[in-house]
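Descriptive analysis of the structure
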Amino acid sequence: MSRIFSGIQPSGELHIGNYLGAVRNWVRLQDQHECIYSIVDYHAITGTYEPEDLRRRTREMAISLLAAGLDPEKCTLFVQSMVPEHTELAWIFNTVTPLGELERQTQFKDKASRQESVMAGLLNYPVLQAADILLYRASLVPVGEDQVQHLELSREIARRWNARFGEDFFPEPQPLLTPTRRIMGLDGQAKMSKSMGNTIGILETDEAIWAKLRPAVTDPARVRRTDPGTPEVCNIYHLHRAFSDPATVEHVATQCRTAGWGCIECKQVLLESMTRELGPIRERAAELRARPELVSEVLYAGAERCRAIARETMREVKERMGLAELSEVTR
Ligand code: TYM
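Residues numbered from 1 in each chain as written. Predicted model: local features only at pLDDT ≥ 70, side-chain atom pairs only at ≥ 80, totals over all residues. Heavy atoms only, no water.

Next up on the list: the environment of S117. Position of S117 relative to the elements: it lies in the loop between helix 6 (106-113) and helix 7 (120-134). Judged by its relative accessible area of 47%, S117 is partly exposed. A C-alpha to C-alpha distance of 42 Å links S117 and E287, two positions 170 residues apart in sequence. (Helix = DSSP H or I, 4+ residues; strand = E, 2+ residues; numbered from the N terminus. Buried < 20%, exposed > 50% of the residue type's maximum accessible area, 1.4 Å probe, protein only.)

Listed below in structure tokens is the structure:
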């Protein structure tokens, strides 16, 4: 059984972009594979942030993930900074990662272009990501499309380390994508992401979601109610494909093409489909929020399990690289 690893930044509650792009798949996969999922707070500190806020967002993310269906009986969920071997392996990988590859990463170029002074951590971000995955020698990584380039680099790092220190020690991790690998924001302009302020949170109320859906961009060619539309170019139609059952999706497409419905009616039906899926998640989140000790226990047990695997990987890595081990020094 191949091991699965994936991570998510502690941006607070999940939004439907990272939910549909990754987390819904994480939930499905936990029945078929050994899965390890991490809330990656060391990645989050490469941007500006407030310490108290980070801790709160980390807990909120844990609540969202458990509410969305991650089951601690079936998978391992932990917070990255509770397993120090992540940064230890990242340092090692820095020594086999070409600088040019890091400078070529589109996410780095995007973020760096928006910052006045660029910190080394932002450049080295994908090295830590490679360490996250390879620390557990995971071979499959369920992610959205925006992480594919980072995974290519993870494979390159695995290859280079293997070539130098141990043939086939690290697997070359492959992405696992879904049909909802790239969810656009409600503005229809860019990928849905917290930093763009174009998200719908999975725990938001129906009223809050409706306030965002109502003005959301649709097929720009549908200016008047009577104009027929092209569902394939409409973001709302893509969300129907993610949330509505196949018969509804077909009905929606016909109503759009024939101008049977206006965009508002189409959005109302979408809201119903979303509520069907997200309603139970919101209820579970409320239950979990009332039991903070339960969330802490899950994260603590997850970190313990991960540390055992991580320690073993690091022991072998250090041995192959000629690095000192504590047991050697104290012998
Ligand atoms: P992050 O926190 O930005 O996103 C978490 C996951 O959600 C996916 N995603 C999306 N998918 C489709 N449409 C969208 N609009 C959308 N927004 C987000 C992302 O592709 C991702 O799968 N660097 C990673 C976190 C990370 C990681 C790892 C992932 C750290 N270490 C190791 C995999 C393996 C990130 O920032 O994801």
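This part is about unusual backbone geometry. Of note, the phi angle at D168 is positive, near 65°, even though the residue is not glycine. Here D168 is to be found in the loop between helix 8 (148-165) and strand 5 (174-176). The backbone of A259 shows a phi angle near 55°, a positive value even though the residue is not glycine. Topologically, A259 is positioned in the loop between helix 11 (246-257) and helix 12 (263-289). By relative accessible area, A259 is classed as buried at 13%.

Time to look at the site of the ligand. Around the ligand, the surrounding shell holds 27 residues, and the nearest of these are Q9, Y125, D132, D146 and I183. Compared with its free state, where it exposes 710 Å², the ligand has 95% of that area covered by protein. (Near = heavy atom within 4 Å. Areas by Shrake-Rupley, 256 points an atom, 1.4 Å probe, with all protein chains shown as cover.)

Let us now look at helix 4 (residues 85-94). Of the residues making up helix 4, those classed as buried are E85, H86, L89, A90, I92 and F93. The buried residues of helix 4 all sit within an arc of 160° when viewed along its axis, so they share a single face. Where helix 4 is buried, its residues touch strand 1 (3-8), strand 3 (75-79), helix 7, helix 8 and helix 13 (292-321). (Arc of directions from axis to C-beta. Contact = heavy atoms within 4.5 Å.)

So, on to the pairing of strand 2 (residues 34-39). In terms of burial, strand 2 is a largely internal element, 5 of the 6 residues being buried. Direction of pairing for strand 1 relative to strand 2: parallel, over a ladder of 6 bridges. Its bridge partner being in strand 2, G7 is matched across the sheet by S38. Summarising the sheet, strand 2 and strand 3 pair through 5 bridges and their orientation is parallel. Paired with Y37 across the bridge in strand 3 is L77. (Pairing = 2+ DSSP bridges.)

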